[in-house]
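Chain residues, written in single-letter form:
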Amino acid sequence: MSVRGAAAERHGEWFGEARFGMFIHWGLYSLGARHEWLQSREFMSREAYRKYFHRFDPDLYDPHAWAKIAAEAGMKYMVVTSKHHEGFCLWDSRLTDYKAPNTPAGRDLLAPLLEAFREEGLRTGLYYSLLDWHHPDYTVDVKHPRRYDPEYAAKDKVRNWQRYVDYMHGQIRELLRNYGDIDVMFLDFSIPAEEGFPGKGRNEWQSERLVEMIRRLRPNMLINDRLDVPGDITTPEQYQPRGAIRIDGRPVRWEACHTFSGSWGYYRDEESWKSADQILRMLIDTVSKGGNFLLNVGPNGRGELDERAVGRLREIGGWMRLHGRAIYGCTSAPDDLPPCPADCRFTYNPKTNRLYLHLFAWPFKHLHLPKFSGLVEYAQLLNDASEIRMIAGERKMTMEAGAFDEGRPADMLTLQLPVKKPNVDIPVIELFLKQR
């Protein structure tokens, strides 16, 4: 049985148009403020971890503010953690008491978030963890907080795994029935066997049955690839692929998932934050390889986005306002075009037949494009639509104004650049290609 959705494939064109999305990791771990995996890293019991449940009170939570920040950053969709590995639910699930309405928050936090992002024109996605460190029937594995507690692990013999699977499937059914049009389902994740612990994959999750239910309820929704069965989206995490991702030799829809720092959840003292310039380079690099870029924010315990993330998102939004058309709807350059120059990236819009040259390093006066002569009709800086003059083809070696003018190959196209770099983080030259 194929788990790839024909309807999702037909309706997934929006995903390649969007290219840039916001990931949101928010849960009880925001109070611990030291990584979303703190329960597992610190081998905390459910009872010890419950202190965060009793104090979760995001009194400054304003989902419209989050949505506005995302929209102004140039993001076109979002994915939010409805439930992370800790098992805590942001929504009012009928299947558990371990949910936001039973904390001091006193309400469903998911519904207004989805509504706010939709009002800003962004598509919506839900992350749901297949792992659950709170559910009593979830068995021990290499990620479980109690994995080195023999007394706890011994109780796996009486745990009812099917009861957990039914619970997990039931919660996903709740989300898809009660929270409007969901465009993406990000299910996380399958675990290989290691360190003497068993793995969990398609058989344990009953993945094919789960996907069948999802397709029936939301045939147009895209599903990621972490159920240990093929999905609609391949999701490399925290690394940049060397090129476009292919499976069995065929290009696939993919999405690079990245954080600003080393944590997905709010981490007060973590300092390895990427700059806005670095994030932009990663975004451009991803699109140049035909992928989407999903950038994470980790709201704090009072319900506000980390001020470090907000500052960078505003910088990114400034660049996207001027250069968005080099990102939205763009993909890898056609295979029959000559290669990109060093310290640059190409993105290409197949609908407009425009090639975008992103300059990671600003050259002095000239940028040479071998084998591009005769391919470009017009060139301009994208930030202000100012013309970039071009020299095409061979020129003789002569002395001009006391300077030696070197010859160029007949197929060389040379762009004449201003000496001073434009006042943008990463300049982009828009090349209007001739019809080929």
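Before reading on, note that the structure itself is shown above.
Note that this is a predicted model, so its numbers are computed, not measured. (Residues numbered from 1 in each chain as written. Predicted model: local features only at pLDDT ≥ 70, side-chain atom pairs only at ≥ 80, totals over all residues. Heavy atoms only, no water.)

*Asks:* Which parts of the structure should I look at to understand the sheet that holds strand β14 (residues 389-392)?
*Replies:* Consider a sheet: its strands pair through backbone hydrogen bonds, and that pairing is either parallel or antiparallel. Across the sheet, which stays open at both edges, the three strands sit in the order β12-β17-β14 with antiparallel pairing between neighbours. Lying at the two open borders of the sheet, with one neighbouring strand each, are β12 (366-369) and β14. Between one strand axis and the next, the sheet turns through 25° on average, direction left out of account. Sheet topology places β12 next to strand β17 (residues 413-416); four bridges connect them, and they run antiparallel. Across the sheet, residue His366 finds its bridge partner in β17, namely Gln416. (Pairing = 2+ DSSP bridges. Helix = DSSP H or I, 4+ residues; strand = E, 2+ residues; numbered from the N terminus. Axes fitted to C-alpha atoms, helices over the stretch in contact; angles between N-to-C directions.)

*Asks:* I would appreciate a short explanation of the pattern of salt bridges in the present structure.
*Replies:* Once the charged atoms of two side chains with opposite charge are near each other, the side chains can pair. For the structure shown, the criterion picks out 27 salt bridges. A salt bridge links Asp92 to Lys99, with the shortest nitrogen-to-oxygen separation between them at 2.8 Å. Residue classification places Asp92 among the partly exposed positions, given a relative accessible area of 38%. Residue Lys99 is classed as buried on the basis of its relative accessible area of 10%. The residue Asp285 makes a salt bridge to Lys289 at a minimum N-O spacing of 2.8 Å. An identical accessibility class is assigned to Asp285 and Lys289; each is buried. Here the salt bridges do not stand alone but share partners, grouping Glu13, Glu17 and Lys351 into one network. (Salt bridge = Lys/Arg side-chain N within 4 Å of Asp/Glu carboxyl O. Buried < 20%, exposed > 50% of the residue type's maximum accessible area, 1.4 Å probe, protein only.)

*Asks:* Just to check I follow, could you spell out the layout of surface pockets for this structure?
*Replies:* In this approach the atoms are scanned with a rolling probe the size of a water molecule, which exposes any empty space left behind. Put simply, the largest pocket is a space of about 760 Å³. Looking at the largest pocket, it is lined by 29 residues, and the ones nearest its centre are Ile245, Pro251, Val252, Arg253 and Gly290. Every element with two or more residues in the lining of the largest pocket is listed here: α2 (13-18), β6 (246-247) and β7 (250-251). If you tally residues by element for the lining of the largest pocket, the top one is α2, at three residues. Of the residues that constitute the lining of the largest pocket, the class distribution is nine nonpolar, eight polar and twelve charged. Taken as a whole, the second largest pocket spans an internal volume of roughly 230 Å³. Lining the second largest pocket are 13 residues, and of these Trp37, Asp188, Phe189, Arg226 and Glu237 lie nearest its centre. (1 Å grid on protein atoms, 1.4 Å probe; cavity = no way out; pocket = protein on both sides within 12 Å on 5 of 7 lines; lining within 4 Å. Points joined across faces, edges and corners; volume = space filled by probe spheres on them. Nonpolar A, V, L, I, M, F, W, Y, C, P; charged D, E, K, R; others polar.)

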